[in-house]
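Spelled out from the first residue to the last, the chains are:
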Amino acid sequence: MSLLIRGGTVVNADYTTRADVLCDGGVIQAVGPDLEAPAGARVVDAGGALVMPGGIDPHTHMELPFMGTVASENFFTGTAAGLAGGNTLIIDFVIPQPQQSLLEAYEQWRRKADKACGDYTFHVAVTWWSDQVEEEMGVLAREHGVNSFKHFMAYKNAIMVEDDVLMQSFRRCLELGAMPTVHAENGEVVYLMQKALLEAGITGPEAHPLSRPAEVEGEAANRAISIAGMVGAPLYVVHVSCKEALEAIARARAAGQRVYGEVLAQHLVVDDSVYRNTDWAEAAAYVMSPPFRPKHHQDALWAGLVNGTAQTTATDHCCFCADQKAMGREDFTRIPNGTAGIEHRMSVLWSEGVRKGRLTPQEFVALTSTNTAQIFNLYPQRGRVAPGCDAALVVWDPNGTQTLSAKTHHQNVDFTVFEGMEVTGIPAVTVSDGKVVWENGQLHVEEGVGRYIPRPTFPVVFDAINIRNEVLRPRPVSRTPSHEVTP
Ligand code: URQ
Ligand code: ZN
Ligand code: ZN
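The notes below deal with the structure included here. Here the residue index of a chain counts from 1 through its sequence in written order. Both sets of labels track the order of writing: A upward for chains, 1 upward for ligands. It should be noted that, the model being predicted, local features are given only for residues of pLDDT at least 70 and side-chain atom pairs only at 80 or more, the latter also being counted only at that level, while totals for whole chains, interfaces and linings use all residues. With hydrogens and water excluded, all non-hydrogen atoms of the structure serve as input to the side-chain values.

Here we look at the overall build of the protein chain
Right, so step 1: Looking only at helices and strands, the protein chain has 15 helices and 19 strands in total.
Right, so step 2: For 487 residues, the compact-globule estimate of 2.2 N^0.38 gives 23 Å, and the C-alpha radius of gyration of the protein chain, at 23 Å, lies within 12% of that figure.
Right, so step 3: Over its C-alpha atoms, taken along the principal directions, the protein chain stretches across nearly 80 × 70 × 45 Å.
Right, so step 4: For the exposure calls, accessible area comes from a 1.4 Å probe over protein chains only, and a residue counts as buried if that area is under 20% of its type's maximum, exposed if over 50%, partly exposed in between. Within the span of the protein chain, comprising 487 residues, buried residues form 61% of the whole.
Right, so step 5: Residues count as neighbours in contact if any of their non-hydrogen atoms are within 4.5 Å of one another. Counted over contacts in the protein chain with a minimum sequence separation of 6, partners at least 24 positions apart contribute 77%.
Right, so step 6: Of the roughly 18,400 Å² that the protein chain leaves accessible, carbon and sulfur atoms contribute 52%.
Right, so step 7: Positive charge is attributed to Lys and Arg, negative charge to Asp and Glu, and no charge count is given to His or to the chain ends. The atom standing in for a charge is NZ when the residue is Lys, CZ when it is Arg, CG when it is Asp and CD when it is Glu. For the protein chain, the distance from the average site of its 39 positive side-chain charges to the average site of its 57 negative ones is 4 Å. Each helix is a run of H or I in the DSSP string that is no shorter than four residues. Each strand is a run of E no shorter than two, and both are numbered from the N terminus. Radius of gyration: C-alpha atoms only; globule rule: 2.2 Å multiplied by the number of residues to the exponent 0.38. Accessible surface area values rest on a Shrake-Rupley calculation with a 1.4 Å probe, where residue burial reflects the displayed protein chains alone.

Okay, structure coming up:
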């Protein structure tokens with residue numbers, strides 16, 4: 001059945017126009033004024049609302065086994081909550097255990113995601129190194145539509161990798177035309193600072209930010225950027241939370257290095273005062289890494305989104321309920337790290353960004369959808385409202401209001417860092433695969449209809465980089481003494 005979205009204003013990252021949008025077969029067929037509704041078409045009256053590319057959340061962890069438990073959000077409830085928040089695609093993470101085959105882990109995550117009701121794709125984490133890992137990265141890139149590989153520089157004795165793995169894996173990513181990404185915190189320093197805090201008897205959640213100050217993130221971001229620069233590979237830094245990491249990215253970009261930054265909606269509006277709540281459970285609920293920072297970092301993050309140092313927003317949606325967080329009751333290093341955000345990211349960004357004059361509507365589209373689609377090679381299939389693009393859209397009510405709360409959200413977790421936040425700007429209708437899946441505050445979803453979206457590697461960008469590296473490659477010095485004339 002075709003779908004006609006009538007009377008809206010289409011907002012793409014690069015232009016805005018009053019237009020109807022006709023979808024059929026999961027594809028946008030036409031965008032223009034006064035479109036005819038085909039016989040039998042479903043007509044949605046946008047009534048002056050904005051019609052935008054569906055949000056893409058490039059950083060989620062549904063059903064993640066982590067720190068002795070499993071994230072409470074599964075691929076069905078998580079993609080449903082995402083659709084309720086205006087998102088039509090998530091990029092989740094396959095995280096192999098060290099020594100586990102990447103292909104085996106990929107198959108495990110594909111099976112978990114079979115229950116999804118919204119579309120999904122995967123980054124794959126490199127949590128160890130061997131010839132087998134190198135080989136399997138190629139199989140994933142060439143045969144399974146994986147074009148990005150994640151590296152954790154934190155979480156020592158778990159999934160952290162050292163600089164030698166970063167170098168070898170970044171080089172392999174360049175060879176494959178895949179984007180390397182990093183969680184940038186110095187895991188060795190965090191480990192020692194955690195130990196020192198525990199030995200000093202500081203065991204509560206207030207110790208969490210003390211064990212991983214902004215310098216720990218800034219140093220790791222700079223190190224990962226330097227290694228990528230030496231290899232000649234681009235780099236995507238996830239959940240940039242502080243001024244120091246932003247400055248490392250800005251320096252690299254100013255020097256012409258291809259480095260991209262991702263900012264979480266949570267880090268834009270929550271600061272480190274939450275860890276000083278005397279209620280243990282309240283403070284523990286905010287334990288995530290990188291931690292919430294002193295307020296001045298928020299200004300730097302907003303500036304980074306506007307000045308192009310950071311290109312995407314995400315949520316790192318990784319949910320643990322109070323009983324799971326309580327695993328760290330006696331020892332803060334055992335509090336499972338992670339918070340929710342997928343359902344609220346876009347409203348928070350509109351309300352705090354566009355409504356407060358920090359972002360234009362077009363920048364909002366770029367930061368919630370288009371830039372991610374371009375960086376991970378999904379554009380213009382995703383991230384654009386135009387004929388031929390996927391019918392993955394959100395009808396955005398710029399004046400709608402909502403109070404964000406765990407009491408009313410669709411996320412399968414008993415807490416949100418945005419509790420009580422009053423936002424202006426909400427998704428009125430979400431369209432996935434050309435069908436209305438969210439409307440009038442109601443989900444119309446079905447387990448298993450979500451699709452795996454393969455992402456081809458990017459030859460164009462990487463060809464340019466390879467040519468540059470070839471041109472700049474130091475030539476072996478000639479051994480012929482200058483006074484001898486070669487025959
Ligand atoms: O570090 C991550 O991205 C995962 C394990 C989620 N947890 C978190 O605290 N960010
Ligand atoms: Zn992380
Ligand atoms: Zn994460």
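As for the site of ligand 1
Right, so step 1: We call a residue near a molecule or strand when any one of its heavy atoms sits within 4 Å of it. In the vicinity of ligand 1 there are 13 residues, among which Y155, H183, S289, D316 and N337 approach most closely.
Right, so step 2: Pairing of N or O atoms within 3.5 Å defines a polar contact, subject to two protein rules: one partner must be a possible hydrogen donor and the other a possible acceptor, and residues neighboring in sequence count only if both atoms are side-chain atoms. A distance of 3.1 Å is found between an oxygen atom of ligand 1 and a side-chain nitrogen or oxygen belonging to H183.
Right, so step 3: Within the side chain of D316, a nitrogen or oxygen atom sits 2.6 Å from a nitrogen atom of ligand 1.
Right, so step 4: When the free accessible area of ligand 1 is taken as 280 Å², the share hidden by the protein chains comes to 100%.
Right, so step 5: A per-class count over the shell around ligand 1 returns five nonpolar, seven polar and one charged. Under the scheme applied here, ten amino acids are nonpolar (Ala, Val, Leu, Ile, Met, Phe, Trp, Tyr, Cys and Pro), four are charged (Asp, Glu, Lys and Arg), and all others, including Gly, are polar.

Points about the pattern of salt bridges
Right, so step 1: The term salt bridge refers to a pairing of a side-chain nitrogen on Lys or Arg with a carboxyl oxygen on Asp or Glu at a separation within 4 Å. With the rule as written, the count across this model stands at 24 salt bridges.
Right, so step 2: Note that K195 and E199 form a salt bridge whose closest N and O atoms lie 3.8 Å from each other. Of the two residues, K195 and E199 both sit in helix α5 (residues 187-199), four residues apart, roughly one turn of that helix.
Right, so step 3: Residue classification places E199 among the exposed positions, given a relative accessible area of 63%.
Right, so step 4: With its nearest N and O atoms 3.4 Å apart, the salt bridge here joins D331 to R334.
Right, so step 5: For D331, a relative accessible area of 15% gives the class buried.
Right, so step 6: With a relative accessible area of 53%, R334 lands in the exposed category.
Right, so step 7: One salt-bridge network, held together by shared partners, links D119, R382, D390, D433, K435 and R451.

Digging into the coordination of the zinc ion (ligand 3)
Right, so step 1: Around the zinc ion (ligand 3), the protein contributes the donor atoms H59 (NE2), H61 (NE2) and D316 (OD), which lie 2.0 to 2.3 Å from the metal centre.
Right, so step 2: Coordination here is defined by N, O and S atoms within 2.8 Å of the metal (3.2 Å for Na, K and Ca), and since water is not considered, a site can look incomplete. Ordering the donors of the zinc ion (ligand 3) by residue number gives the pattern H-x1-H-x254-D.
Right, so step 3: Between the zinc ion (ligand 3) and the zinc ion (ligand 2) there is a metal-metal distance of 3.6 Å. Here the residue H61 occupies a position in the loop between β6 (55-60) and β7 (65-66), and D316 occupies one in the loop between β15 (312-314) and α12 (322-325), the gap between them amounting to 255 residues.
Right, so step 4: Assessed through its relative accessible area of 5%, H61 is described here as buried.

Brief notes about the coordination of the zinc ion (ligand 2)
Right, so step 1: Donor atoms from the polypeptide that coordinate the zinc ion (ligand 2) comprise H183 (ND1) and H239 (NE2), at 2.1 Å from the metal.
Right, so step 2: Any coordination sphere not matching a tetrahedral pattern (four donors, all angles between 85 and 135 degrees) or a square planar or octahedral pattern (four or six donors, opposite donors over 155 degrees apart, other angles between 65 and 115) is reported as irregular. Given four donor atoms and angles of 58 to 148° at the metal, the environment of the zinc ion (ligand 2) is assigned as irregular.

Overview of the sheet that holds strand β10 (residues 119-125)
Right, so step 1: Note: two strands are recorded as paired if DSSP finds a minimum of 2 bridges between them. Read from one edge of the open sheet, eight strands run β6-β9-β10-β11-β12-β13-β14-β15, paired in parallel fashion. A strand with exactly one partner marks an edge of an open sheet, and here the two such strands are β6 and β15. The mean angle between the axes of side-by-side strands here comes to 30°, regardless of whether they run parallel or antiparallel.
Right, so step 2: Pairing between strand β9 (residues 87-94) and β10: six bridges, direction parallel. When the sheet's bridge partners are listed, I90 is paired in β10 with Y120.
Right, so step 3: For helices, the fitted line uses only the C-alpha atoms of the stretch in contact; every axis is such a line through C-alpha atoms, and the angle between N-to-C directions lies from 0 to 180 degrees. Across the sheet, helix α4 (residues 163-176) touches β11 (148-152), β12 (179-183) and β13 (235-237), and the angle it forms with β11 is around 170°.
Right, so step 4: Strands β6, β9, β12, β13, β14 (259-264) and β15 of the sheet are contacted by helix α14 (residues 361-375), whose axis makes an angle of about 65° with β6.

Take it as geometry only, folks, not as evidence of what the structure does.
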